Amino acid sequence: MKQHIGGLALVVADYDEAIAWYTHVLGFELLEDTKLGEDKRWVLLAPPGSQETRLLLAKAVTPEQHASVGNQAGGRVFLFLHTDDFWRDYQRMKAAGAVFCEEPREEVYGNVVVFQDLYGNKWDLLQRK
């Protein structure tokens, strides 16, 4: 049996500002942006070269959803962006305005740095050994 996580919903305040940030700062590809109603869209993004996992941008509409924007993991690292070239991606993201929470470090499992997305969700940029 083979399974994989096909997508992950990320609650955002605004579709267009999130699309701009993820495509410009992280270099993600916009795979789909389909209008589903007056204020609802199906927006899928993926890191370059990714074949399985997609990021679905879900616009906050309720007070509970608005409260979770930028805090989907209660302040912990929420998502892990794996790369085949840590320093290339770190330098590119830094030049594009990414906010890093620390200096890059080498751990027993690989090179890693924590950064925040435009709303404050924490991510790891990680190149495994």
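Residues numbered from 1 in each chain as written. Predicted model: local features only at pLDDT ≥ 70, side-chain atom pairs only at ≥ 80, totals over all residues. Heavy atoms only, no water.

1. Concerning the UniProt feature "domain: VOC" (unreviewed entry) in the protein
UniProt feature "domain: VOC" (unreviewed entry): in the numbering of this structure it lies at residues 4–128. Segment residues 4–128 splits into 21% helix and 40% strand. End C-alpha atoms: 19 Å apart. (UniProt positions renumbered as here; feature names shortened; annotations may be inferred. Helix = DSSP H or I, 4+ residues; strand = E, 2+ residues; numbered from the N terminus.)

2. Concerning the side chain of aspartate 117
Note that aspartate 117 resides in the loop between strand S8 (110–116) and strand S9 (122–128). Buried within the structure, aspartate 117 lacks any salt-bridge partner; its nearest side chain of opposite charge belongs to lysine 122, at an N-O separation of 11 Å. A distance of 2.7 Å separates the side chain of aspartate 117 from the side chain of tyrosine 22, its partner in a polar contact. Leave out the neighbours within four places in its chain, and aspartate 117 touches Leu10, Trp21, Tyr22 and Trp123. (Buried < 20%, exposed > 50% of the residue type's maximum accessible area, 1.4 Å probe, protein only. Lys, Arg positive; Asp, Glu negative; His and termini not counted. Salt bridge = Lys/Arg side-chain N within 4 Å of Asp/Glu carboxyl O. Polar contact = N/O pair within 3.5 Å; in protein donor to acceptor, adjacent residues only side chain to side chain. Contact = heavy atoms within 4.5 Å.)

3. Structural notes on helix H3 (residues 86–95)
Among the residues making up H3, those that are buried are Phe86, Asp89, Tyr90 and Met93. Seen end-on, H3 carries its buried residues on one side only, within an arc spanning 100°. Where H3 is buried, its residues contact strand S6 (99–100), S8 and S9. Just downstream of H3, glycine 97 is the residue with a positive phi angle, here 100°. (Arc of directions from axis to C-beta.)

4. Let's talk about the sheet that holds strand S1 (residues 7–12)
Taken in spatial order, the four strands of this open sheet run S1-S4-S3-S2, and their pairing is mixed. Since the sheet does not close on itself, it has two edges, and those belong to S1 and strand S2 (29–35), each with one partner. Taken over all neighbouring pairs, the strand axes of this sheet differ in orientation by 25° on average, direction set aside. Sheet topology note: the strand S3 (residues 41–46)/strand S4 (residues 54–59) ladder contains three bridges and is antiparallel. Following the sheet pairing, leucine 44 is matched in S4 by leucine 56. Helix H1 (residues 15–24) contacts S1, S2, S3 and S4 of the sheet and is inclined by roughly 10° relative to S3. (Pairing = 2+ DSSP bridges. Axes fitted to C-alpha atoms, helices over the stretch in contact; angles between N-to-C directions.)

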